[in-house]
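Coordinates in review
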Amino acid sequence: VLIGIALFLCTLAGEAQNLFPNLPRKSAVADSILECIFNSASLHSNEVKEYKADLYLKGRLQVHKQNRIIRYLPSMFRFEKGINSYLHESVSELHYTAPHIYDRKIRAVSTTFTGGNSRFFDIMDFVKFNIYAPSLMEDKVLSPFNEQSSVHYYYLLDSIDYWKEGEVYKIRVIPRYRSTQLLEGFFWITTNDWTIRYLNFHGAYDLIRFHVAMRMGETEKTKYLPQLINLDIVFKFLRNNLEMNYTG
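In this text the structure is predicted, and so the values were computed from the model without any measurement.

Counting secondary structure elements, the chain contains three helices and 13 strands. Residue burial in the chain is summarised as follows: out of 248 residues, 42% are buried. Roughly 14100 Å² of accessible area belongs to the chain as shown, and the carbon and sulfur atoms make up 51% of that amount.

Next up, the structure:
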């Protein structure tokens, strides 16, 4: 009951009118709204105890530039001479048990990669994605939805819209400084239960830059889980330039 009252009060929170200096001219998100987001994320992070799902992945790897150095990178694909485009498709069973146990059984694979066991572009870090957890992608990134991590981000209210879920805030997230542990982009969150409906972020770590767009489920049982993921990854290293586009 107390949680319900708290969420109801959060919907009455007003917008902040102060602007951050040197940032786009959008209103800073009010502290009362941020408090609702952070408190709800803490609750939602433990909402899913277990699930089973079918996972379909389809991706394309495009080689823009390569040289001999790429052959010596650990876990890299083996490229065929004169071929610059490769496809990969798979269907798997995914079984999750809280807090961090994922069991994936691959049922079918179709690929044009030679030596297709490379882990260099293993996108499971993006699929194993609890957006309400304190950190994301196997602890590579600090979540902008976590109160402790929020000190590293600016939050700007981009717009307010009305979906079938009710009032939805589109919020822009900007890192306060350059770091491979921080994300930049947008998320859409409902004010009726403070669940995230859609997110669109980009970031970088190791030798890659990535852009991920994620749509959450639409039913009561699936709204805490991603239903559709679009992922773009760019790898650049010593005049090697590879790009991979995936849908999950």
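That covers the picture; the talk isn't over yet.
Tracing the backbone through its elements, the reader meets phenylalanine 187 in strand 9 (residues 184–190). Along the primary structure phenylalanine 187 and alanine 213 are separated by 26 residues, whereas in three dimensions their C-alpha atoms are 9.5 Å apart. Look past the residues within four positions of phenylalanine 187 in its chain and what remains in contact with it is Ile37, Phe145, Tyr169, Lys170, Ile171, Val173, Ile196, Tyr198, Leu199 and Phe201.

To continue, consider the nonpolar core. For soluble globular proteins, nonpolar side chains are generally found buried alongside one another. Counting residues in each nonpolar core, the largest one holds 58 residues, and the members touching the most others are Ile37, Ile131, Ile171, Phe187 and Phe210. Counting residues per element, this core draws most heavily on helix 2 (residues 31–44), at six residues. Ignoring sequence-local partners within four residues, the contact set of phenylalanine 210 consists of Phe126, Met137, Leu183, Phe201, His202, Gly203, Ala204, Tyr205, Leu231, Asp232 and Ile233.

Our next topic: the packing of aromatic side chains. Applying the stated rule across the entire model yields eleven aromatic pairs. The interplanar angle of 50 degrees and the centroid separation of 6.3 Å between the aromatic rings of phenylalanine 145 and phenylalanine 201 together place this pair among those described as tilted. Of this pair, phenylalanine 145 sits in the loop between strand 6 (141–142) and strand 7 (153–163) while phenylalanine 201 sits in strand 10 (residues 196–205), and the two are 56 residues apart along the sequence. Note on accessibility: phenylalanine 145 and phenylalanine 201 belong to one class, buried.

A few words now on the side chain of threonine 195. When you line up the elements, threonine 195 lands in the loop between strand 9 and strand 10. Polar side-chain contacts of threonine 195 include one of 2.8 Å to the side chain of aspartate 193.

Together, Lys65, Arg209, Lys236 and Arg239 give the surface a local cluster of positive charge. Summarising the element assignment, lysine 65 is placed in strand 2 (residues 50–65). By relative accessible area, lysine 65 is classed as exposed at 55%.

In this section: the pairing of strand 8 (residues 166–175). Pairing analysis gives ten bridges linking strand 7 to strand 8, with the strands arranged antiparallel. Counted as the bridge partner of aspartate 161 is valine 168 from strand 8. Taking the residues that link successive antiparallel strands as the turn, the strand 7-strand 8 hairpin has two residues.

Our next topic: the environment of threonine 97. Mapped onto the elements, threonine 97 comes out in strand 3 (residues 85–97). In contact with threonine 97, other than residues within four places in its own chain, are Lys49 and Glu50.

Turning our attention to helix 2. Side chains that are three or four residues apart share a direction in an α-helix, a result of its 3.6 residues per turn. Taking 1.5 Å as the rise per residue, helix 2 with 14 residues should run 20 Å; its terminal C-alpha atoms sit 20 Å apart, in good agreement. Three or more residues of helix 2 are buried, namely Ile33, Leu34, Cys36, Ile37, Phe38, Ser40, Ala41 and His44.

What follows deals with unusual backbone geometry. Of note, the bond from alanine 98 into proline 99 is cis; its omega dihedral lies within 30 degrees of zero at 5 degrees. Tracing the backbone through its elements, the reader meets proline 99 in the loop between strand 3 and strand 4 (101–111). Unusually for a residue other than glycine, tryptophan 194 sits at a positive phi of about 55 degrees. Within the secondary structure, tryptophan 194 sits in the loop between strand 9 and strand 10.

Any two side chains of opposite charge can pair, so long as their charged atoms come close to each other. Counting across every chain of the model gives seven salt bridges. Between arginine 172 and glutamate 184 there is a salt bridge whose closest N-O contact spans 3.6 Å. Note that arginine 172 is positioned in strand 8 and glutamate 184 in strand 9, a separation of twelve residues in sequence. For glutamate 184, a relative accessible area of 25% gives the class partly exposed. One salt bridge in this structure joins glutamate 220 and lysine 223, with 3.1 Å as the shortest N-O distance. Classification of glutamate 220 as exposed rests on a relative accessible area of 57%. Taking the relative accessible area as the measure of exposure, lysine 223 reaches 10% and is therefore buried. Three or more residues are tied together by salt bridges with common partners; here these are Asp54, Glu93 and Arg107.

The rules behind each value
- Residues numbered from 1 in each chain as written.
- Predicted model: local features only at pLDDT ≥ 70, side-chain atom pairs only at ≥ 80, totals over all residues.
- Heavy atoms only, no water.
- Helix = DSSP H or I, 4+ residues; strand = E, 2+ residues; numbered from the N terminus.
- Buried < 20%, exposed > 50% of the residue type's maximum accessible area, 1.4 Å probe, protein only.
- Areas by Shrake-Rupley, 256 points an atom, 1.4 Å probe, with all protein chains shown as cover.
- Contact = heavy atoms within 4.5 Å.
- Core = buried A, V, L, I, M, F, W, Y, C linked by side-chain atoms within 4.5 Å.
- Phe/Tyr/Trp six-rings, centres within 6.5 Å; stacked < 30°, edge-to-face > 60°.
- Polar contact = N/O pair within 3.5 Å; in protein donor to acceptor, adjacent residues only side chain to side chain.
- Patch = residues over 30% accessible without salt bridge, like charges linked within 9 Å, V, L, I, M, F, W, Y side chains within 5 Å.
- Salt bridge = Lys/Arg side-chain N within 4 Å of Asp/Glu carboxyl O.
- Lys, Arg positive; Asp, Glu negative; His and termini not counted.
- Charge placed at Lys NZ, Arg CZ, Asp CG, Glu CD.
- Pairing = 2+ DSSP bridges.
- Expected span 1.5 Å × (residues − 1).

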